[in-house]
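Structure assessment
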Amino acid sequence: MYGTGNEPTIIYYRFTQQNLPSWKPAMTSGCVITMFLIIGAIFVPFGLVCLHASKHVAEIVHRYDADCVPNAYRGNKQAYIKDSSIPKNCTLEVKVLDHMTAPIYVYYELDNFYQNHRRYVKSRSDKQLRYGEYTGTSCDPIERDNDGHQIVPCGLIAWSLFNDTYGFTRGSKEIKINRKNISWKSDREHKFGKHVYPANFQNGSLIGGGKLDPKVPLSEQEDLIVWMRTAALPKFRKIYGVIEEDLQVDETITVLITNNYNSYGFSGKKSLVLSTATWLGGKNDFLGYAYIVTGSLSIFMAVLFALIHVKYPSWRKVTLIAYLGTGETAIAE
């Protein structure tokens, strides 16, 4: 606004000048001690419940990237994984240490794979995944094949799709893996198009990972949908499928692995994970310990403040509250 003579008139508002009436609670010693005790009384039992639930999760983790390399190629794993003429089949035996009740979730675990790298995360086109259209440059450097045709889906994330496969047998009987509905329903329905089909995918000279069936729409390519939800940490798990029958304790199952994915180029580790779940999810001791430690510290602080409160009774008489901005101080009993 302008006043007379076109001179600017500055309007001060009580809100912008932080001059509104305010109220600050009087944090007396009794109030603080009570708050810490309440936090401790809630956090410690909840932490014990979380820890108890985590202990009841049966889990098998088996690293296989080194075991599945033939002895002749142990010194040159890159040559092994890049040579398509060498069979990549691998057979391992895994012993079940605890009874595993269905559903049993099958995961693949990668270590030292940075899906959170800025360039990697940005190398995708959500518009193309949903509608099949791509006109930008976000998929660089995986945008078009050698003939200049558009790649669907484009980008580094899709190009590096994990493509190891797993099969399980118990004696001579095959253990079936349900690979349906392993991705988020919201992703299938709203992020990946029902009428968008893979095209020119992994047709170039440089192959990144798995291939996609060009006759199946992206909304039904659940391996891709799971992989496209990038991980925040370099060590992560992604679901492969679900076993819908129990595994008995001390039982030995045979795992048939097709070791296709090149983790040797970045010194990565690959592991197969079988896990049950509780109301809290998979195995996660950290959450329980975090609640217990936080609650214990709160109780310790409550006891410490109570001792100080008893030892120095003069502090109970008068508590000085912070300056309120009015030039006055408040005194509380």
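Report follows, based on the coordinates. (Residues numbered from 1 in each chain as written. Predicted model: local features only at pLDDT ≥ 70, side-chain atom pairs only at ≥ 80, totals over all residues. Heavy atoms only, no water.)

Observations concerning the sheet that holds strand β8 (residues 252–258)
Here is the rule we go by: Here, a strand pair is defined by DSSP locating no fewer than two bridges between the strands. Secondary structure is summarised from DSSP: a helix means a run of H or I of at least four residues, a strand means a run of E of at least two, and numbering begins at the N terminus for each. Orientation is described by axes fitted as lines to C-alpha atoms, over the contacting stretch for helices, and by angles from 0 to 180 degrees between their N-to-C directions.
Strand order in the open sheet formed by 4 strands is β2-β8-β4-β5, with antiparallel pairing between adjacent strands. Among the strands making up the open sheet, the edge pair consists of β2 (89–95) and β5 (173–175). Across the sheet, the mean angle separating the axes of adjacent strands is 30 degrees when strand polarity is ignored. The pairing of strand β4 (residues 165–170) with β8 spans 5 bridges and is classified as antiparallel. In the strand pairing of β8, T165 is matched with T258.

Quick look at a nonpolar patch on the surface
The test is simple: Grouping into patches uses exposed residues only, defined as over 30% relative accessible area, and leaves out salt-bridged ones; the cut-off is 9 Å for like charges and 5 Å for nonpolar side chains (Val, Leu, Ile, Met, Phe, Trp, Tyr). Surface accessibility in these figures is a Shrake-Rupley result with a 1.4 Å probe; residues are shielded only by whichever protein chains are displayed. Whenever Lys or Arg places a side-chain nitrogen within 4 Å of a carboxyl oxygen from Asp or Glu, that contact is recorded as a salt bridge. Whether a residue is buried, partly exposed or exposed follows from its accessible area with a 1.4 Å probe, protein chains only, as a fraction of its type maximum: under 20%, in between, or over 50%, in that order.
Taken together, the side chains of L37, I299, V303 and L307 make up a nonpolar region of the molecular surface, amounting to roughly 340 Å² of accessible area. Broken down by element, the nonpolar patch gets its largest block of residues, 3 residues, from helix α8 (residues 285–311). Residue placement: I299 occurs in helix α8. Looking at I299, the relative accessible area reads 33%, which means it is partly exposed.

Describing the sheet that holds strand β3 (residues 104–111)
Reading across from one edge, β1-β9-β3-β7-β6 is the order of the 5 strands in this open sheet, with antiparallel pairing throughout. Two strands lie at the open edges of the sheet, namely β1 (59–63) and β6 (177–178), each paired on one side alone.

Looking at the state of the cysteines
Among covalent bonds in proteins, the disulfide is the one between the sulfur atoms of two cysteines. We count it as follows: Any two cysteine sulfur atoms lying within 2.5 Å of each other are counted as a disulfide.
Under the criterion given, the structure shown has 2 disulfides. Note on cysteine connectivity: C139 is disulfide-linked to C154, with sulfurs 1.9 Å apart. Torsion about the S-S bond of the C139 and C154 cystine: about 40 degrees, corresponding to right-handed handedness. Note that C139 is positioned in the loop between α4 (126–131) and α5 (156–159) and C154 in the loop between α4 and α5, a separation of 15 residues in sequence. C154 carries the same exposure label as C139, and that label is buried. Going through the chain in sequence order and numbering each bonded cysteine, the pairs you get are 1-2, 3-4.

Examining helix α1 (residues 29–55)
Basically, it comes down to this: A helix's residues, less one, multiplied by 1.5 Å, set its expected span. Throughout, a residue-residue contact means that at least one pair of heavy atoms, one from each residue, lies within 4.5 Å.
With 27 residues, α1 should reach 39 Å at 1.5 Å per residue; the first-to-last C-alpha distance of 39 Å fits that figure. What α1 keeps buried is the set V32, I33, G40, V44, G47, C50, L51, A53 and S54. The secondary structure elements touched by the buried residues of α1 are α8.

Digging into the pattern of salt bridges
Taken as a whole and assessed by the stated rule, the structure comprises 14 salt bridges. Between R237 and E109 there is a salt bridge whose closest N-O contact spans 2.7 Å. Residue R237 is found in strand β7 (residues 236–243), and its partner E109 is found in strand β3; the two are separated by 128 residues along the sequence. Residue R237 is classed as partly exposed on the basis of its relative accessible area of 35%. Residue D187 pairs with R229 through a salt bridge whose shortest N-O separation is 2.8 Å. Residue D187 is located in helix α6 (residues 185–190), and its partner R229 is located in the loop between α7 (222–228) and β7; the two are separated by 42 residues in the primary sequence.

A short note on α8
The line we're drawing: N or O atoms within 3.5 Å of each other form a polar contact, as long as, within protein, one can give a hydrogen and the other can take it, and as long as residues adjacent in sequence are counted only when both atoms are side-chain atoms.
With 27 residues, α8 should cover 39 Å at 1.5 Å per step; its first-to-last C-alpha distance of 39 Å lies within 8% of that length. Here α8 has its buried residues at G288, I292, G295, S298 and A302. Measuring from the side-chain oxygen of the N-cap residue of α8 to the backbone nitrogen of F286 gives 3.4 Å; that N-cap residue is N284.

Remarks on the packing of aromatic side chains
To be explicit about the condition: In this scheme Phe, Tyr and Trp rings, the latter by its six-membered ring, pair at centre separations within 6.5 Å, and the angle between planes marks the pair as stacked below 30 degrees, edge-to-face above 60, and tilted otherwise. Distance and angle both matter: a charge sits over a ring if NZ of Lys or CZ of Arg is within 6 Å of the ring centre and within 35 degrees of the ring normal.
For the structure shown, the criterion picks out 16 aromatic pairs. Ring centres 5.0 Å apart and planes at 45 degrees place the aromatic pair F162 and Y261 in the tilted group. Taken as a pair, F162 in the loop between α5 and β4 and Y261 in the loop between β8 and β9 (269–275) lie far apart in primary sequence, 99 residues in all. The exposure classification of F162 matches that of Y261, with both residues buried. Taken together through their ring pairs, the aromatic side chains of Y108, F113, Y120, F162, W227, F236, Y261 and F266 make up a single cluster. Sitting over the face of the ring of Y240, R179 holds its NZ or CZ atom 3.8 Å from the ring centroid. Above the plane of the ring of W184 lies R229, whose end atom (NZ or CZ) is 3.7 Å from the centre.

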